[in-house]
Amino acid sequence: MRVQLVYYVDTLGHIFHETVGLEGYTITSTKNADETIRILEEYSDESFLLFADNTIFNAEAMRVFAMVRSSPAVRRRVRIIGWNGLRDLDYLQERADGMLDDFLPMPFTLDQLLSCIASNAAYLTE
């Protein structure tokens, strides 16, 4: 099973394309909720790690999170990972309405990012 990374907004897009892409992951950038939802629905045979900067936990991001959570078929193949410089996970989970599967505090190293990707990808392939 192939795992595709989707990052929502372009906060750290250059890191994904220049480093994580070299690890063999397919990387997609989306600019809004409609585009993200379309990709998740269109590629129904793929698993996704959806990275979202918690500074954009706005109505549009919450719509994507709610779509993932409301569909068991989608939920089984998508993990939502938040990232930000804030380190209070309880606050972030409250802000994200409990919709995060994992959180990567910034700053992080490439090894930490790859470890986060590997552990969440392993969850999807179990």
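Residues numbered from 1 in each chain as written. Predicted model: local features only at pLDDT ≥ 70, side-chain atom pairs only at ≥ 80, totals over all residues. Heavy atoms only, no water.

A.B. asks: I'd like to hear about the packing of helix α2 (residues 33-42) against helix α3 (residues 59-70), residue by residue, with values.
C.D. replies: Two elements in contact, α2 and α3, have axes separated by 9 Å at closest approach and are oriented at 20°. When the axis of α2 is compared with that of α3, the two are roughly parallel. Read as a crossing pair, α2 and α3 show a hand that is right-handed. Residues Ala33, Asp34, Thr36, Ile37, Leu40 and Glu41 of α2 form the contact with α3, whose participating residues are Glu60, Arg63, Val64, Met67 and Val68. Broken down by class, the residue content of the contact of α2 with α3 amounts to six nonpolar, one polar and four charged. (Axes fitted to C-alpha atoms, helices over the stretch in contact; angles between N-to-C directions. Helix = DSSP H or I, 4+ residues; strand = E, 2+ residues; numbered from the N terminus. Parallel < 35°, antiparallel > 145°, perpendicular 65-115°, else oblique. Left-handed = near helix turned anticlockwise from the far one by under 90°. Contact = heavy atoms within 4.5 Å. Nonpolar A, V, L, I, M, F, W, Y, C, P; charged D, E, K, R; others polar.)

A.B. asks: Give a detailed account of α2, specifying residues and quantitative values.
C.D. replies: For α2, the set of buried residues is Ala33, Thr36, Ile37, Ile39 and Leu40. Buried residues along α2 cover an arc of 160° about the axis, so they all sit on one side. Of the residues that open α2, the one with a side-chain oxygen 3.2 Å from the backbone nitrogen of Asp34 is Asn32. (Buried < 20%, exposed > 50% of the residue type's maximum accessible area, 1.4 Å probe, protein only. Arc of directions from axis to C-beta. Polar contact = N/O pair within 3.5 Å; in protein donor to acceptor, adjacent residues only side chain to side chain.)

A.B. asks: I'd love a proper account of helix α6 (residues 110-125), names of residues and values included.
C.D. replies: The end-to-end C-alpha distance of α6 is 22 Å, a good match for the 22 Å that 16 residues give at a rise of 1.5 Å each. Among all positions of α6, only Leu113, Leu114, Cys116, Ile117, Asn120, Ala121 and Leu124 are buried. Down the axis of α6, the buried side of the element spans an arc of 155°, and every buried residue falls inside it. (Expected span 1.5 Å × (residues − 1).)

A.B. asks: I'd like to hear about the packing of aromatic side chains, residue by residue, with values.
C.D. replies: Overall, the coordinates contain zero aromatic pairs when judged by the stated rule. One Lys or Arg, Arg79, reaches over the ring of Tyr123 and ends 4.0 Å from the middle of that ring. (Phe/Tyr/Trp six-rings, centres within 6.5 Å; stacked < 30°, edge-to-face > 60°. Lys NZ or Arg CZ within 6 Å of the ring centre and 35° of its normal.)

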